[in-house]
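Each chain, written out:
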Amino acid sequence: PDDRLAGLDHPGHQPALDHEEGREEHREAMVRPRGTTRHWPPLAEAAAVCLGMILFGLFSHLGLPWIAMGAAGLLSAAFCIQRSIVSLRDIPPVFGLSGSWKVLIISLAGCVVGIGLGAYYRFSVGMTLFPGPALQPFALAACGIGAAEELVYRGWMQGRLLVLGRPAAVLVSAAAHTAYKTALFALPPSPVSADFPSLVVLTFTVGALIGLSRELSRSVYPAVAAHVAFDLVVYGAAAGAPWWVWA
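Since the model is a prediction, treat every value here as computed from it, not as a measurement.

Trainee: For this particular structure, what's the right way to read the overall build of the protein?
Mentor: For the protein, the count of helices and strands is 10 helices and 0 strands. The helix and strand sequence of the protein, counted from the amino end, reads α-α-α-α-α-α-α-α-α-α. Out of the 247 residues belonging to the protein, those deemed buried represent 38%. Looking at the protein alone, contacts between residues at least 24 apart form 77% of all its contacts between residues at least 6 apart. Working note: accessible area of the protein is about 13600 Å², and carbon and sulfur atoms make up 71% of it.

The following block contains the structure:
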């Protein structure tokens, strides 16, 4: 025991504490890109982006001056996210853009889940299970919007929240996305009926599931694939954007 204690001061000795510190530094590297000299704590960054997106969801459908508040919310969220990027090499780790055969397999499974959920949604609102063979132009815009949401919530935010642990990162990012989706329906331009309890439960549950795919694959691509497949099925035959879509 004395020799081990004495070895702590030996230049060539690597104590267990150094190993633990190295693991912690590696963990932090997953949520903060290399080369960042100034940064906000990850939780503050995630909270700021969450708030900005909620403001955008609330006011993006209204006229002036409210739409200006929505635009300010979106810009503030973009500002917080860009602080994580110092150079182009930071983009893949910041958003979880990594690929492998495992990622491909889980992404294909995500497509199946997204198609199934899209068909279920269409059936629940009295539509045919799948859109016609001729996709409308808005379908591509809808897929782009869905992909952007996944890059923000399952890519960037879930990665930043890894400081809370993987389960908490999945759940908190799903809750943030649910808050944004709820805000989209909170202030419609004209009176509409919305089933908010179902919206909250379904958005959070599906968000947690595709967030889990992000952790299992260590990539955001499966989440993007699931969301894009869902939007393609739901909006494939839509001639234009519904009022709640920020297009």
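Right, picking up where we left off after that structure.
Trainee: Can you help me understand the side chain of Ser217 in this one?
Mentor: Turning to its location among the elements, Ser217 is positioned in helix H9 (residues 196–217). Classification of Ser217 as buried rests on a relative accessible area of 6%. Within the structure, Ser217 has its side chain in polar contact with the backbone oxygen of Ser219 (distance 3.1 Å). Beyond its immediate sequence surroundings of up to four residues, Ser217 is in contact with Lys102, Val103, Ile106 and Pro222.

Trainee: Explain the environment of Gly146 here, please?
Mentor: Mapped onto the elements of the fold, Gly146 is located in helix H7 (residues 137–160). Residue Gly146 is classed as buried on the basis of its relative accessible area of 1%. C-alpha separation for the pair Gly146 and Val228, spaced 82 residues apart in sequence, amounts to 5.8 Å.

Trainee: Teacher, can you tell me more about the packing of H7 against helix H8 (residues 166–186) here?
Mentor: When two helices pack together, their arrangement is given by the angle between their axes and by how far apart the axes lie. Running from N to C, H7 and H8 point in directions that differ by 145 degrees, and their axes come no closer than 9 Å. Both H7 and H8 take part in a crossing whose hand is right-handed. Together, Glu149, Glu150, Tyr153, Arg154, Met157 and Gln158 of H7 and Ala169, Val170, Ser173, Ala174, Ala176, His177, Tyr180 and Lys181 of H8 make up the contact between the two elements. Class assignment for the residues of the contact of H7 with H8 results in 7 nonpolar, 3 polar and 4 charged.

Trainee: Help me understand helix H6 (residues 101–124), please; the structure alone is not making it clear to me.
Mentor: Because each turn of an α-helix spans 3.6 residues, side chains separated by three or four positions end up pointing in the same direction. Taking 1.5 Å of rise per residue, the 24 residues of H6 would be expected to cover 34 Å, and the 35 Å separating its terminal C-alpha atoms lies within 8% of that figure. Val103, Ile106, Ser107, Gly110, Gly114, Gly118, Ala119 and Arg122 are the residues of H6 that are buried. On its buried side, H6 packs onto H9 and helix H10 (221–235). Immediately beyond the C-terminal end of H6, within one or two residues, lies Gly126, with a positive phi of roughly 85 degrees.

Trainee: Please clarify how the confidence of the model for the protein should be interpreted in this entry.
Mentor: Parts of the model with low pLDDT should not have their predicted coordinates read in detail. Of all residues in the protein, 83% have pLDDT values of 70 or greater, and the mean over the chain is 85. Here residues 1–39 is a poorly scored stretch, pLDDT under 50, and it has 27 contacts once near neighbours within four places are set aside; other chains count.

Trainee: In this structure, what is going on with a nonpolar patch on the surface? I would like to understand it.
Mentor: On the surface, Leu43, Val163, Leu164 and Val172 cluster together into a nonpolar patch covering about 300 Å² of accessible area. As for its position among the elements, Leu43 is in helix H3 (residues 42–59).

Trainee: What's the story with the side chain of Glu45 in this structure? I'm lost.
Mentor: Position of Glu45 among the secondary structure elements: in helix H3. At 2.5 Å, the side chain of Glu45 and the side chain of Arg160 are in polar contact.

Trainee: Just checking my understanding: could you explain helix H4 (residues 66–82) for this structure?
Mentor: Helix length check: H4 (17 residues) gives 25 Å between terminal C-alpha atoms against 24 Å at 1.5 Å per residue, within 8%. Residues of H4 that are buried: Gly70, Gly73, Ala77, Cys80 and Ile81. Considered in projection along H4, the buried side chains sweep an arc of 105 degrees and stay on one side of the axis. At its buried positions, H4 is contacted by H3, helix H5 (91–95) and H7.

Cut-off values and rules
Residues numbered from 1 in each chain as written. Predicted model: local features only at pLDDT ≥ 70, side-chain atom pairs only at ≥ 80, totals over all residues. Heavy atoms only, no water. Helix = DSSP H or I, 4+ residues; strand = E, 2+ residues; numbered from the N terminus. Buried < 20%, exposed > 50% of the residue type's maximum accessible area, 1.4 Å probe, protein only. Contact = heavy atoms within 4.5 Å. Areas by Shrake-Rupley, 256 points an atom, 1.4 Å probe, with all protein chains shown as cover. Polar contact = N/O pair within 3.5 Å; in protein donor to acceptor, adjacent residues only side chain to side chain. Axes fitted to C-alpha atoms, helices over the stretch in contact; angles between N-to-C directions. Left-handed = near helix turned anticlockwise from the far one by under 90°. Nonpolar A, V, L, I, M, F, W, Y, C, P; charged D, E, K, R; others polar. Expected span 1.5 Å × (residues − 1). pLDDT = per-residue confidence, 0-100. Patch = residues over 30% accessible without salt bridge, like charges linked within 9 Å, V, L, I, M, F, W, Y side chains within 5 Å. Salt bridge = Lys/Arg side-chain N within 4 Å of Asp/Glu carboxyl O. Arc of directions from axis to C-beta.

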